[in-house]
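Okay, here's what each chain looks like letter by letter:
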Amino acid sequence: MKSKKMVCISCPLGCTLAVSYSEDGKEIAVSGNRCPRGVTYAEHEIRDPRRVVTSNVKVLGGEWPLASVKTTGPIPKDRIRDLVQLLVPLEISAPVSIGTKVLENVFQSGEDVVVTREVKKL
Amino acid sequence: MRTLELDSLVIGGGAAGMAAAVECAERGCKTVLVEREASTGGVLNQCIHNGFGLHVFKEELTGPEYAHLFQKQMADRGIDVHPDRFVLKVDPQKKEVITIGASGATCYKPNALIMTTGARERSFANLRIPGTRPSGIFTAGVAQRFVNLQNRLPGKKAFILGSGDIGLIMARRLTLEGMEVLGVAELMPFPGGLARNISQCLDDFDIPLYLSTSVVEVHGKERLNAITLARFDPGTGKVLPGTRKTIEVDTLILSVGLLPQNELIEDFCEVDAINRGVRVDSMMRTSNPWIFAAGNNVTVYDLVDFVTLDAKFAGQMAATIIKGGRLAQSAIPLKRGKNVGAMTPGKVCAGGNPFTIFLRSRKVMEKGRIELGPGLLSRVHMGIRPSEMLEVKVTQGHLEKIQQMGWKELTISLEEVEA
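Residues numbered from 1 in each chain as written. Chains lettered and ligands numbered in written order. Predicted model: local features only at pLDDT ≥ 70, side-chain atom pairs only at ≥ 80, totals over all residues. Heavy atoms only, no water.

Things to note about the sheet that holds strand 5 (residues 54–60) of chain A
Residues and elements named next belong to chain A.
Right, on to step 1. In space, the five strands of this open sheet follow the order 8-5-6-10-9, with mixed pairing throughout. With one partner strand each, in any of the chains shown, strand 8 (91–93) and strand 9 (101–103) form the two edges of the open sheet. Mean inter-strand twist for the sheet, computed between neighbouring axes without regard to direction, equals 45°.
Right, on to step 2. With three bridges connecting them, strand 5 and strand 8 associate as parallel partners. Considered in strand 8, the bridge of Val-59 is made with Ile-92. (Pairing = 2+ DSSP bridges. Helix = DSSP H or I, 4+ residues; strand = E, 2+ residues; numbered from the N terminus. Axes fitted to C-alpha atoms, helices over the stretch in contact; angles between N-to-C directions.)

As structure tokens, this is what we get:
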């Protein structure tokens, strides 16, 4: 068994988790968590680490030149930079409302990229 | 000058102001919110990362989404928002507030005033770092505004001074936007921001964190071209000889703390020297009974959810008075015992409503005991860090005991116990 310390990022409490796991990641034991989300987080972190990604996309004709966006759920951690690169050339037109989809099923993760800010038309 | 009579006036449209205004309006008070900027939301508008709302909305939201939910609640309740309006003066004798905006001056005469003016970032000028005074030095919030609202990058190669949450968030943001972030320095021997932000903003991107380290000199004629770092002895607070190191950067981002803003009322309302914010009692009243206060102008909170909860309570208490109700008057001091830093409220109304004490430890403790005395409450808490606020709920039962015992003051303290 291997062991690893990690900080759960599921909420701002940030529990310090002590995780022991088998080489193949099939057996995982977690302690130090204050809620069940800590166990889920540690399992994902060992087997397939994922993150919710937030960034911005360009808006044409709006009160702000950008609209903030997020992935609807966590995507593979090693694709964070690739996702941000995908967003660079995108342009959407104002008005923009919260929840508007700008990318679908990114990297086959099942998660979309949606707008998180209302941007009015100028 | 135009004069407006109303029930409650809220100054500042950030998280605290929006929550307080909603609670007042919900209770039938004619409420106006005055905001300096063009729209409400405050700093939430530029905090595009997620992690907001877990307590208040039971879901994880980004800053703009959190602000939007409150903007909708305000619109639904017909709250008048007066944007682009600057407050010149709060007059506690005449109970009026003088403001100026594009349409001219307006004098508001509210039955209750709620101050939700928030905090500002400590600036480079506050730090007294030797060297030249080039461009390229930004507070984290200013850099965040450039990047997330105005689509501008502050430079190419950055170093971050201070490990507050906004600094950590900006380390990740600037990296993803294509800047090179060489590291984060923190003068204290422990980080200033939340553990989750060290993990997901620095560790995920291999950005080093240097503890007990600070910037001791900045270089560059017009634009910053280098900074000198040095390690500090945590015991003496002095630079360790032989640890100075100069690195080339064109951008220095400062995340060195927030200062509560109370210029409008600090001449006649008590201020807490350690919080540096206006002191409130457990009913969210300042030392002037006409003025309530909540949010980062009281003490700098770690979570917006806590700001919202306290501000809602302030709105409820203000509405009670406006509607002719009475709030418990006599308040006894709540004093800081061992290891307690920032803490609110400063006074407890034993005849009032149950409330929550928010406090910060002065040191890191693997295991610590929180005591509210004399002998009211004792609780063990794991993993206490100065960056994370502790909550202590004071119940109706506790308040009854305080009255019964006739205590003249309370003390809250933190003691390290064997892990």
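So that's the structure; there's more coming.
Here's the deal with the interface of chain A and chain B
Right, on to step 1. Taken together, the contact between chain A and chain B spans 31 residues of the former and 32 residues of the latter.
Right, on to step 2. At the junction of chain A and chain B, the tally comes to three salt bridges.
Right, on to step 3. One salt bridge in this structure joins Asp-204 of chain B and Lys-77 of chain A, with 3.2 Å as the shortest N-O distance.
Right, on to step 4. The interface formed by chain A and chain B contains nine residue pairs in polar contact (both at pLDDT 80 or more).
Right, on to step 5. Of all the elements in the fold, those that place two or more residues in the side of chain A that touches chain B are helix 1 (37–47), strand 5, strand 6 (66–71) and helix 2 (80–87) of chain A. (Contact = heavy atoms within 4.5 Å. Salt bridge = Lys/Arg side-chain N within 4 Å of Asp/Glu carboxyl O. Polar contact = N/O pair within 3.5 Å; in protein donor to acceptor, adjacent residues only side chain to side chain.)

So, the packing of aromatic side chains
Residue and element names in this part refer to chain B.
Right, on to step 1. Across all of its chains, the model carries seven aromatic pairs over all chains by this definition.
Right, on to step 2. Relative to Phe-358, the ring of Tyr-301 has its centre 5.6 Å away and its plane inclined at 65°; by these criteria the two rings are edge-to-face. Of this pair, Tyr-301 sits in the loop between strand 21 (291–293) and helix 6 (304–322) while Phe-358 is found in strand 25 (residues 355–361), placing the two residues 57 residues apart along the sequence. The pair Tyr-301 / Phe-358 is uniform in exposure class, with both members buried.
Right, on to step 3. Ring geometry for Phe-306 and Phe-358: centres 4.8 Å apart, planes at 35°, overall tilted. (Phe/Tyr/Trp six-rings, centres within 6.5 Å; stacked < 30°, edge-to-face > 60°. Buried < 20%, exposed > 50% of the residue type's maximum accessible area, 1.4 Å probe, protein only.)

A few points about the side chain of Thr-175 of chain B
Right, on to step 1. Counting through the fold element by element, Thr-175 of chain B comes out in helix 4 (residues 165–176).
Right, on to step 2. Taking the relative accessible area as the measure of exposure, Thr-175 of chain B reaches 11% and is therefore buried.
Right, on to step 3. What Thr-175 of chain B contacts, discounting residues up to four positions off in sequence, is Arg-81 of chain A together with Val-181, Phe-205 and Ile-207 of chain B.

A word on the sheet that holds strand 29 (residues 410–416) of chain B
All names here are of chain B.
Right, on to step 1. Pairing in this open sheet of five strands is mixed, and the strands run 24-22-29-26-27 from one edge to the other. Each end of this open sheet is capped by a strand with a single partner; those strands are strand 24 (347–348) and strand 27 (377–384).
Right, on to step 2. In this structure, strand 26 (residues 365–373) lies alongside strand 29, joined through six bridges in antiparallel fashion. Its bridge partner being in strand 29, Gly-368 is matched across the sheet by Glu-416.

Structural notes on the environment of Asn-45 of chain B
Right, on to step 1. Turning to its location among the elements, Asn-45 of chain B is positioned in the loop between strand 2 (31–34) and strand 3 (50–52).
Right, on to step 2. Not counting the four nearest positions on each side in its chain, Asn-45 of chain B is found in contact with Arg-117 of chain A together with Ser-39, Thr-40, Pro-64, Ala-67 and Leu-149 of chain B.

Here we look at the nonpolar core
Right, on to step 1. Counting 70 residues, the largest nonpolar core has Ile-357, Leu-359, Leu-372, Ile-402 and Ile-412 of chain B as the members making the most contacts within it.
Right, on to step 2. Counting residues per element, this core draws most heavily on helix 6 of chain B, which supplies 10 residues.
Right, on to step 3. Viewed by domain, this core spans two of them, domain 1 (1–121 + 259–327) and domain 3 (330–419) of chain B, each represented by three or more residues.
Right, on to step 4. Filtering out sequence-adjacent residues up to four positions away, Leu-372 of chain B remains in contact with Leu-334, Ile-357, Leu-377, Val-394, Leu-410, Thr-411 and Ile-412 of chain B.
Right, on to step 5. Residues Val-57 and Val-115 of chain A together with Leu-168 and Leu-174 of chain B belong to the second largest nonpolar core, which totals 40 residues. (Core = buried A, V, L, I, M, F, W, Y, C linked by side-chain atoms within 4.5 Å. Domains from an automatic or database assignment.)

Comments concerning helix 3 (residues 140–149) of chain B
Right, on to step 1. Counting buried positions along helix 3 of chain B gives seven out of 10 residues, so the element sits mostly inside the fold.
Right, on to step 2. For helix 3 of chain B, every residue scored as buried is listed here: Ala-140, Gly-141, Ala-143, Gln-144, Val-147, Asn-148 and Leu-149 of chain B.
Right, on to step 3. In the core, the buried residues of helix 3 of chain B are packed alongside strand 5 and strand 6 of chain A together with strand 9 (119–121), strand 10 (137–139), helix 4 and strand 17 (251–254) of chain B.
Right, on to step 4. Two residues or fewer after helix 3 of chain B comes Asn-151 of chain B, characterised by a positive phi angle close to 60°.

A look at the packing of helix 4 of chain B against helix 5 (residues 195–202) of chain B
Residue and element names in this part refer to chain B.
Right, on to step 1. In contact at an axis separation of 8 Å, helix 4 and helix 5 are set at 15° when each is read in the N-to-C sense. One finds that helix 4 runs roughly parallel with respect to helix 5. For the pair helix 4 and helix 5, the sense of crossing is left-handed. Residues Asp-165, Leu-168, Ile-169, Ala-171 and Arg-172 of helix 4 form the contact with helix 5, whose participating residues are Asn-197, Ile-198, Gln-200, Cys-201 and Leu-202.
Right, on to step 2. When its residues are assigned to classes, the contact of helix 4 with helix 5 shows six nonpolar, two polar and two charged. (Parallel < 35°, antiparallel > 145°, perpendicular 65-115°, else oblique. Left-handed = near helix turned anticlockwise from the far one by under 90°. Nonpolar A, V, L, I, M, F, W, Y, C, P; charged D, E, K, R; others polar.)

Concerning the domain arrangement of chain B
In many analyses, interface size is given as the accessible surface area lost on bringing the parts together.
Residue and element names in this part refer to chain B.
Right, on to step 1. The domain architecture assigned to chain B consists of domain 1 (1–121 + 259–327), domain 2 (123–256) and domain 3 (330–419).
Right, on to step 2. Between domain 2 and domain 3, the C-alpha centre-to-centre distance is 34 Å.
Right, on to step 3. With six residues of domain 2 at the interface, the matching set in domain 3 holds six residues.
Right, on to step 4. Around 380 Å² of area is buried between domain 2 and domain 3 when both sides are counted, 69% of it from carbon and sulfur atoms.
Right, on to step 5. On the domain 2 side of the contact with domain 3, Phe-190, Leu-194 and Ala-195 bury the most area, a combined 79% of that side's loss. (Buried area = accessible area lost by both parts, 1.4 Å probe.)

Observations concerning helix 4 of chain B
Owing to its 3.6 residues per turn, the α-helix brings residues three or four apart onto one side.
Residues and elements named next belong to chain B.
Right, on to step 1. If you check helix 4, its first and last C-alpha atoms are 17 Å apart, about what 12 residues at 1.5 Å a residue would give, namely 16 Å.
Right, on to step 2. Turning to helix 4, its buried residues number three or more, namely Gly-167, Leu-168, Ile-169, Met-170, Ala-171, Arg-172, Arg-173, Leu-174, Thr-175 and Leu-176.
Right, on to step 3. Directly beyond the C-terminal end of helix 4, a positive phi value near 105° is found at Gly-178. (Expected span 1.5 Å × (residues − 1).)

Some remarks on the pairing of strand 29 of chain B
The side chains of a regular strand alternate, first on one face of the sheet and then on the other.
Right, on to step 1. Pairing of strand 22 (residues 332–336) of chain B with strand 29 of chain B involves three bridges; the strand directions are parallel. Across the sheet, the residue bridging to Leu-334 of chain B is Leu-410 of chain B, located in strand 29 of chain B.

A closer look at the packing of helix 3 of chain B against helix 4 of chain B
Residues and elements named next belong to chain B.
Right, on to step 1. Contact pair helix 3 / helix 4: the axes reach a minimum separation of 10 Å and the direction vectors enclose 35°. Helix-helix and strand crossings are classified by hand; for helix 3 and helix 4 the assignment is left-handed. Every residue of helix 4 that contacts helix 3 at Ala-140, Gly-141, Ala-143, Gln-144, Val-147 and Asn-148 is listed here: Ile-166, Gly-167, Ile-169, Met-170, Arg-173 and Leu-174.
Right, on to step 2. For the contact of helix 3 with helix 4, the residue count by class is seven nonpolar, four polar and one charged.

Quick look at the pairing of strand 2 of chain B
Residues and elements named next belong to chain B.
Right, on to step 1. Of the two faces of strand 2, both are covered, the one formed by Thr-31 and Leu-33 as well as the one formed by Val-32 and Val-34.
Right, on to step 2. In terms of strand pairing, strand 1 (residues 2–11) meets strand 2 through four bridges, oriented parallel. The partner of Leu-9 across the bridge, within strand 2, is Val-32.
Right, on to step 3. Once the chain exits strand 1 it traverses helix 1 (residues 15–26) before rejoining the sheet at strand 2, and the crossover so formed is right-handed.
Right, on to step 4. Relative to strand 5 (residues 80–82), strand 2 runs parallel, the two being bridged by three bridges. Looking across to strand 5, one finds that Val-32 is bridged to Asp-80. (Right-handed = clockwise from strand over helix to strand, strands pointing away.)

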